[in-house]
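Below, each chain spelled out in residue letters.
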Amino acid sequence: MNSVIFQEQTFVPVGISVGLTELDGEQLIRVVKPEENVEPDVPTYARLVGSDFHNGTIEVDVRARLMHWADIDCRGFIGFVFRASEDNDRFESFYVRPRNGRSCTEPQRRIHTMQYFSYPGYTFAYFRERGIADYEAKADIDLDEWIHLKGEVNGASASFYVDDMETPALVVDKMFGGADLRGGVGLYVDNGTEGNFKNLQVTYAD
């Protein structure tokens, strides 16, 4: 397993390829999910080595672009995971779909611009099939632009922010992983996304 060091942090791949790249003269960490893996909401992230997160704050700047193989269902999925178990078989996640944001002309897609899910079991498909809308929200974002993501986690609840919002865009009162789950933090991407990341900051409250 190859590791990558970026901004004095070390990352290891979990179901993805990870490396360093340069964009607009700036060095970034680049994360891409393999084209052949089309199952959504699974362990596909660059895991921060040494992270053991329970409560606290996670912030990161993300920039999603589409790979050449991306189809209409690829929405630029990009975000972070937290409380990931050592073997990556359980984690919580928050991500955005920039292609559903500002430039999207389909109202139904626009309400699905950001997403919380809990692996395994409680994926976006689980919520959609049951008509549960509490774990998604709108956001004024777009592809190929820098987006600041922030999550504040306390017990079984979490509040998620996009860019310079003073109030959370999405509040999850009862995360499916429960109040006691703790574990790693990672940089998450899904189908068809070239994920560029910088400035990951993790504040541990306990």
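Remember, it's a predicted structure, so these values are computed and weren't measured experimentally.

Before going further, it helps to examine the overall build of the protein. Each helix and strand in the protein was counted, giving 2 helices and 15 strands. If one aligns the C-alpha atoms of the protein with their principal axes, the spans along those axes are about 40 × 40 × 35 Å. A total of 206 residues make up the protein; the buried ones form 52% of that total. Of the contacts made within the protein by residues no fewer than 6 positions apart, 68% connect residues no fewer than 24 positions apart. Taken as a whole, the protein presents about 9400 Å² of accessible surface, with 45% of it coming from carbon and sulfur.

Turning to the state of the cysteines, a few remarks are in order. Following the criterion strictly, the structure yields 0 disulfides and no others. Free of any disulfide, Cys 74 has its nearest neighbouring cysteine sulfur in Cys 104, separated by 14 Å. Residue Cys 74 is classed as buried on the basis of its relative accessible area of 6%.

Inspection of every chain in the model, using the stated rule, returns 23 aromatic pairs. Ring centres of Tyr 126 and Phe 127 lie 5.7 Å apart, and the angle between their planes is 80°; on these two criteria the pair is classed as edge-to-face. Here Phe 127 falls in the buried class, since its relative accessible area comes to 0%. Between Tyr 135 and Phe 176 the ring centres are 5.4 Å apart and the planes differ by 55°, which places this aromatic pair in the tilted class. One end of the pair, Tyr 135, is in the loop between α2 (124–129) and β10 (136–137); the other, Phe 176, is in the loop between β13 (170–172) and β14 (184–189), with 41 residues separating them in the sequence. When its relative accessible area of 29% is taken as the criterion, Phe 176 is described as partly exposed. One aromatic cluster is present, built from ring pairs that chain together Tyr 45, Phe 77, Phe 91, Tyr 95, Phe 117, Tyr 119 and Tyr 188. Lying over the aromatic face of Phe 124, Arg 97 brings its terminal NZ or CZ to 5.7 Å of the ring centre. Positioned over the ring face of Tyr 161 is Lys 150, at 5.3 Å from the centre of the ring.

On to the pairing of strand β5 (residues 45–48), then. Of the two faces of β5, the one holding Tyr 45 and Arg 47 and the one holding Ala 46 and Leu 48 are both buried throughout. With 4 bridges joining them, strand β2 (residues 9–14) and β5 adopt antiparallel strand pairing. The residue of β5 that forms the bridge with Phe 11 is Leu 48. Taken together, the 3 bridges between β5 and β14 define a ladder with antiparallel strand orientation. Within the sheet, the bridge partner assigned to Tyr 45 lies in β14 and is Tyr 188.

About the cut-offs
All chains use their own residue numbering, which begins from 1 and follows the written sequence. Since the coordinates come from a predicted model, pLDDT governs what is reported: local features require at least 70, and pairs of side-chain atoms require 80 or more to be given and counted, while whole-chain, interface and lining totals use all residues. To obtain the side-chain values, all non-hydrogen atoms of the structure were included, while hydrogens and water were left out. For the purposes of this entry, the term helix denotes a DSSP run of H or I that reaches at least four residues, the term strand denotes a run of E that reaches at least two, and both are numbered from the N terminus. Exposure is judged per residue with a 1.4 Å probe applied to protein chains only, and the accessible area is read against the type maximum: over 50% gives exposed, under 20% gives buried, and values in between give partly exposed. Only heavy atoms enter the contact rule, under which two residues are in contact if any of them lie within 4.5 Å. Each accessible area is a Shrake-Rupley result for a 1.4 Å probe, and residues are judged covered by the shown protein chains and nothing else. Here, a disulfide means two cysteine sulfur atoms that sit within 2.5 Å of each other. When two rings of Phe, Tyr or Trp (its six-membered ring) have centres within 6.5 Å they constitute a pair, described as stacked for plane angles under 30 degrees, edge-to-face for angles over 60, and tilted for the intermediate range. The criterion for a charge sitting over a ring is simple: Lys NZ or Arg CZ within 6 Å of the ring centre, and within 35 degrees of the ring normal. Should DSSP find at least two bridges between two strands, the strands are regarded as paired.

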